[in-house]
Amino acid sequence: MTTISRPRLLGPGVNRVDGPLKVAGKASYPGDFVYPGMAHAVLVRSTVGSGRITEIDTTQAEAAPGVVCVLTHLNAGHLERGPMTALGVSPPAPLQDDVILHYGQHVAVVVADTFEEATEAAGLVRVDYAARPALLELEDPRAELRTNPWKRDAAWGDTAGALAAAEVQLDETYFTVDNTNNPMGPLTTVARWEGDTLLINNSTQWASLESTSLAATFGISEESVHVMAPYVGGGFGAGLRVWPHVILAALAARVTGRPVKLALTRPQMFTACGHRPKGRQRIRLGATRDGRLVAIDHEALTAAAMDDDNFEPTATVSATSYACPNVATHDTQARLNIPVPNSMRGPGASTGNYALECAMDELAYKLGMDPLELRLRNDADPHPPSGMPWSSRAHRECLERGAELFGWSRRNPEPRSMREDGMLVGYGLAAVGYPWFRARCLARVTIRRDGTAYVCSAGTEIGNGAYTVFVQLSAELLGLDPEQVTVGLGESTMPLAPQTGGSGLTSAIGSAIYEACRKIIGDVLDLVADDDTDSALYGCTIDDVEAVGGGIRRRDDPVRFESYRDILARHHRPELTAEGESVPATPQELGMAPAGAFGAKYVEVRVDPDLGRISVARAVSVIDGGRILNEKTARSQIIGGTVGGIGMALFEETASDAGTGRIANATLGDYIVPVNADIPDMQIEFVGSWDRANPIGTKGIGEIGLVGLAPAIANGIFHATGRRIRSLPITMDQLL
């Protein structure tokens, strides 16, 4: 018998398995679904930032051609608020009272036969308000403050005393602005009812949560809600909650008895589905003259909505970024009349890391020390403050390898000392770590008599390569070719999965797939365990075998092999199915601190000395992402994150009217995002090794690609110009 080789399926740059569908236009996104008799819904939004509705007149709208109904707080009926989630409370249910909490709040929804008719009629709804002054600024003394809202503030040592006694001190404040998630596909919901069952096609990053939340809102069983999101056109956090427009689409479908499609317009995306909130951060650092940190005090104030919570732990990044005996972090939120903030790629960490890494750069200049050496000298290994070893950590390697690739040694440390082609040249650096996150997850694996496998879990694909890596992983674990494995994602009726966000989905679903595949192999061995004495696998346990070549072989005698096809046929079984569960272990159970991804970001910036024009000439990212399942899709994640980080640093700002909170630049013509001409040459490298906190060795890299770019660019601009800008985005006028 010919010995079957074991191909290497994980690691190489395998093409996306869903790529052909996407480029052929055959991947079904939420907005692509059309059902017989489908109506269209259009939102009516408030034109004041705070107050009450005194009168709402829908007479003209209801009489307009094609209009089916108009829903307001007067006829919407009672809707329950959704449940508590892993990211905080659910947003308030819509159209429940006459109170206005922010400009652009949904005050009515018009349903008509066509989108054009609904849009025309929405303009005919007349709303009168008793307006009140809106609270819009973080510094407004009337704003309610929420201190330590997530119970994550850190404190050890005597930070105040250590700061006062430090040989070198730094005390600076940094500012960030509102940024808005702008995925290519605006969020869309198509809702329909079949009896008491709600079926939803929706742009969600969390199908399992959506079914739970909608069931609670409408008072039906969770089994009566079927959420479908096989493909989502990007999210960056916008799809992590069940937003009011989703509920309104479902309500409109129930009231009209017809399928209803509600697609947000681009301007509505700025008020309907979250944004990265503005913030102010004060960082105080104390160090010895040889660059040893003795104290870190990080205070962060970020914006929150009036009647909602958003998970944005900003100062927390300073608790574990560097080795330091005295640390205090403080997060506070100010309640304002603003659209609900929400996670945006790298929530909390992107802004917290910006302030911390700019402060570290400033400290390095105060010390007369290389910024790279300062970071290496204070490397946080082991884990602070527990003293536990990390499950994996190649942060020092990221910094050193990045410096080598970038050519950091060519840097003249004197600000404004480097020029090329008449442009000021600056080198900037930021060290990066993203918090570890994992949640309970289930996956189901079926092996069929024809030798193919079907794998499913409710996690969603938002362009991150989920279908591809789970095909690769399943094929590797079952000993199949990737073409023999089909993966299903994005339906709430599939096994429970956490959100596609927080850089935890691959480890969660992947670990569940690992357990399910082990069970499948165990079940196959059980079939031959009793009386199938002619089987080459008779008497084997799971530790005696490995999956390869469409079946199972003995480790001690590779010639002894049987295919799944033969075993299932002989035992008259059409298929075998097993469900795997992954539950994240605690640090105490692991005996180590679970590690998120680490990285180092190096950038070269060019600044026109006369005009202040800024460009990023090149960027180097070295990432410790644990075991990389697919280098091609992983690299794509870092490329996308780099683009987002450049946007955060130089372009993106959601501008609001100071009196009302009306967003003044709610289009992609006015809200500036990077385009191809703004993107530099990129060099990306992965280092590190298998992470010991999960059985497949992975760490999430979705956020780490963005985090660190903004401070690296800001630090590069200082090196180029000698001007320290402590607010984002950094624009030409600030340098003139």
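Located above this text is the structure these notes cover.
Residues numbered from 1 in each chain as written. Predicted model: local features only at pLDDT ≥ 70, side-chain atom pairs only at ≥ 80, totals over all residues. Heavy atoms only, no water.

Novice: Got a minute to help me understand the packing of aromatic side chains in this structure?
Specialist: Per the counting criterion, the structure on display carries 14 aromatic pairs. Taken together, a centroid distance of 5.4 Å and an interplanar angle of 75 degrees make the contact between Phe-270 and Tyr-671 edge-to-face. On the criterion of sequence distance, the pair formed by Phe-270 in helix 7 (residues 266–272) and Tyr-671 in the loop between helix 16 (631–650) and strand 28 (681–687) is long-range, its members being 401 residues apart. Grouping residues by exposure puts Phe-270 and Tyr-671 together as buried. With centroids separated by 6.4 Å and ring planes inclined at 45 degrees, the aromatic side chains of Phe-406 and Trp-408 adopt a geometry described as tilted. Looking at Phe-406, the relative accessible area reads 0%, which means it is buried. Counting every residue linked through ring pairs, the aromatic cluster contains Phe-406, Trp-408, Tyr-427 and Tyr-602. Across from the ring centre of Tyr-35, 3.9 Å away, lies the NZ or CZ of Arg-192, which sits over that ring. A cation over a ring is seen here: Arg-393 above Phe-598, with NZ or CZ 4.5 Å from the ring centre. (Phe/Tyr/Trp six-rings, centres within 6.5 Å; stacked < 30°, edge-to-face > 60°. Helix = DSSP H or I, 4+ residues; strand = E, 2+ residues; numbered from the N terminus. Buried < 20%, exposed > 50% of the residue type's maximum accessible area, 1.4 Å probe, protein only. Lys NZ or Arg CZ within 6 Å of the ring centre and 35° of its normal.)

Novice: Just checking my understanding: could you explain the environment of Phe-686 for this structure?
Specialist: Relative to the helices and strands, Phe-686 is located in strand 28. As a C-alpha pair, Phe-686 and Asn-148 span 538 residues in sequence and 35 Å in three-dimensional space. Filtering out sequence-adjacent residues up to four positions away, Phe-686 remains in contact with Ile-623, Ile-628, Glu-631, Ala-634, Arg-635, Ile-638 and Ile-701. (Contact = heavy atoms within 4.5 Å.)

Novice: Which parts of the structure should I look at to understand the nonpolar core?
Specialist: With 68 residues, the main nonpolar core has Tyr-602, Leu-650 and Ile-713 as its most contacted residues. Look past the residues within four positions of Ile-713 in its chain and what remains in contact with it is Val-603, Val-605, Val-616, Gly-645, Ile-646, Ala-649 and Leu-650. Judged by nonpolar contacts, the second largest core, of 51 residues, contains Leu-480, Ala-497, Ile-521 and Leu-629. (Core = buried A, V, L, I, M, F, W, Y, C linked by side-chain atoms within 4.5 Å.)

Novice: What is the right way to read a negative patch on the surface from this model?
Specialist: Taken together, the side chains of Glu-55, Asp-57, Glu-62 and Asp-128 define an acidic patch exposed on the protein surface. On the secondary structure map, Glu-62 appears in helix 2 (residues 59–63). (Patch = residues over 30% accessible without salt bridge, like charges linked within 9 Å, V, L, I, M, F, W, Y side chains within 5 Å. Areas by Shrake-Rupley, 256 points an atom, 1.4 Å probe, with all protein chains shown as cover. Salt bridge = Lys/Arg side-chain N within 4 Å of Asp/Glu carboxyl O. Lys, Arg positive; Asp, Glu negative; His and termini not counted. Charge placed at Lys NZ, Arg CZ, Asp CG, Glu CD.)

Novice: Explanation requested: the packing of helix 16 against helix 17 (residues 709–721) in the structure shown.
Specialist: Angle between the axes and distance between the axes: these two values describe a pair of packed helices. Where helix 16 contacts helix 17, the axes come no closer than 8 Å and their chain directions differ by 55 degrees. As far as their axial angle goes, helix 17 and helix 16 are oblique. For the pair helix 16 and helix 17, the sense of crossing is right-handed. The residues of helix 17 that touch helix 16, namely those facing Thr-642, Gly-645, Ile-646, Met-648, Ala-649 and Leu-650, are Leu-709, Ala-710, Ile-713 and Ile-717. When the residues that make up the contact of helix 16 with helix 17 are grouped by side-chain class, the tally is eight nonpolar, two polar and no charged. (Axes fitted to C-alpha atoms, helices over the stretch in contact; angles between N-to-C directions. Parallel < 35°, antiparallel > 145°, perpendicular 65-115°, else oblique. Left-handed = near helix turned anticlockwise from the far one by under 90°. Nonpolar A, V, L, I, M, F, W, Y, C, P; charged D, E, K, R; others polar.)

Novice: Teacher, can you tell me more about the sheet that holds strand 21 (residues 485–489) here?
Specialist: Note: strands within a sheet are paired through backbone hydrogen bonds, in either parallel or antiparallel orientation. Reading across the sheet, the four strands line up as 21-20-19-25 and stay open at both edges, with mixed pairing between neighbours. Strands with a single pairing partner mark the edges of an open sheet, and in this sheet they are strand 21 and strand 25 (575–582). Averaged over all pairs of adjacent strands, the angle between strand axes in this sheet comes to 15 degrees, irrespective of strand direction. Bridging between strand 19 (residues 441–448) and strand 20 (residues 453–457) involves four bridges; their strand directions are antiparallel. Paired with Arg-444 across the bridge in strand 20 is Cys-456. Contacts from helix 12 (residues 466–478) reach strand 19, strand 20 and strand 21, with the element oriented near 135 degrees to strand 21. In the packing of helix 13 (residues 505–527) onto the sheet, the strands contacted are strand 19, strand 20, strand 21 and strand 25, and the crossing angle to strand 25 comes to about 140 degrees. (Pairing = 2+ DSSP bridges.)

Novice: What am I meant to see in the side chain of Glu-362 here?
Specialist: Structurally, Glu-362 is set in helix 9 (residues 349–367). Once residues lying within four places of it in the same chain are set aside, the contact partners of Glu-362 are Leu-170, Glu-172, Tyr-174, Arg-724 and Arg-726.

Novice: For this particular structure, what's the right way to read the pattern of salt bridges?
Specialist: As a working rule, side chains carrying opposite charge can pair if their charged atoms are close by. Taken as a whole and assessed by the stated rule, the structure comprises 36 salt bridges. The shortest N-O distance in the salt bridge between Lys-22 and Asp-18 comes to 3.1 Å. Look at Lys-22 and you get partly exposed, because its relative accessible area is 26%. Residue classification places Asp-18 among the buried residues on the basis of a relative accessible area of 2%. Among the salt bridges present, the one from Glu-299 reaches Arg-284, with a minimum N-O distance of 3.4 Å. Within this pair, whereas Glu-299 is found in strand 15 (residues 293–305), its partner Arg-284 is found in strand 14 (residues 279–287), the two being separated by 15 residues in sequence. One connected set of salt bridges, linked through shared partners, spans Arg-81, Arg-241, Asp-307 and Asp-308.

Novice: Just checking my understanding: could you explain the sheet that holds strand 22 (residues 545–548) for this structure?
Specialist: Strand order in the open sheet formed by three strands is 22-23-24, with antiparallel pairing between adjacent strands. Across the chains shown, the open sheet's two edge strands, defined by having one partner strand only, are strand 22 and strand 24 (561–563). Going from strand to strand, the sheet's axes swing by 25 degrees on average, the running direction of each strand aside. Of the strand pairs in this sheet, strand 22 and strand 23 (residues 551–554) are connected by four bridges, and their pairing is antiparallel. Counted as the bridge partner of Val-545 is Arg-554 from strand 23.

Novice: Honestly, the side chain of Lys-261 in this entry has me stumped. Any pointers?
Specialist: With respect to the element layout, Lys-261 can be found in strand 13 (residues 260–263). Asp-32 provides the closest opposite charge to the buried, unpaired Lys-261, separated from it by 6.8 Å. With residues up to four places along the chain from it excluded, the contact list for Lys-261 reads Gly-31, Met-38, Ala-39, His-40, Ala-41, Thr-188, Thr-189 and Val-190.

Novice: Where do I start with the pairing of strand 16 (residues 327–336) in this structure?
Specialist: Look at any regular strand and the pattern is simple: side chains alternate between the two faces of the sheet. Burial of strand 16 is extensive: nine of the 10 residues sit out of reach of the surface. Bridge count for strand 7 (residues 145–147) against strand 16 is three bridges, and the pairing is antiparallel. Paired with Thr-147 across the two strands is Thr-332, which belongs to strand 16. Where strand 8 (residues 155–156) meets strand 16, two bridges bridge the pair, whose relative direction is antiparallel. Following the sheet pairing, Ala-155 is matched in strand 16 by Ala-328. Across 10 bridges, strand 15 lies against strand 16 in parallel orientation. Note on strand 16: the bridge partner recorded for Leu-301 is Thr-332.

Novice: Help me understand the packing of helix 12 against helix 13 in this model?
Specialist: Contact geometry for helix 12 and helix 13: axes closest at 10 Å, N-to-C directions at 25 degrees. In terms of orientation, helix 12 lies roughly parallel with respect to helix 13. Every pair of crossing elements has a handedness; the one defined by helix 12 and helix 13 is right-handed. In this structure, helix 12 uses Phe-470, Leu-473, Ser-474, Leu-477 and Leu-478 to contact helix 13, whose residues at the interface are Leu-505, Thr-506, Ile-509, Gly-510, Ile-513, Tyr-514, Cys-517, Ile-520 and Ile-521.

Novice: For this particular structure, what's the right way to read the environment of Pro-371?
Specialist: Its place among the elements puts Pro-371 in helix 10 (residues 371–377). The contacts of Pro-371, once residues within four sequence positions are left out, are Asp-361, Ala-364, Trp-408, Arg-411 and Leu-429.

Novice: Got a minute to help me understand the environment of Leu-138 in this structure?
Specialist: Counting through the fold element by element, Leu-138 comes out in the loop between strand 6 (126–131) and strand 7. Owing to a relative accessible area of 8%, Leu-138 belongs among the buried residues under this scheme. Sequence-wise, Leu-138 and Val-99 are 39 residues apart; in three dimensions their C-alpha atoms are separated by 22 Å. In this view, Leu-138 contacts Lys-278, Gly-279, Arg-280, Leu-301, Thr-302, Ala-303, Ala-334 and Leu-336; residues no more than four positions away in its chain are not counted.

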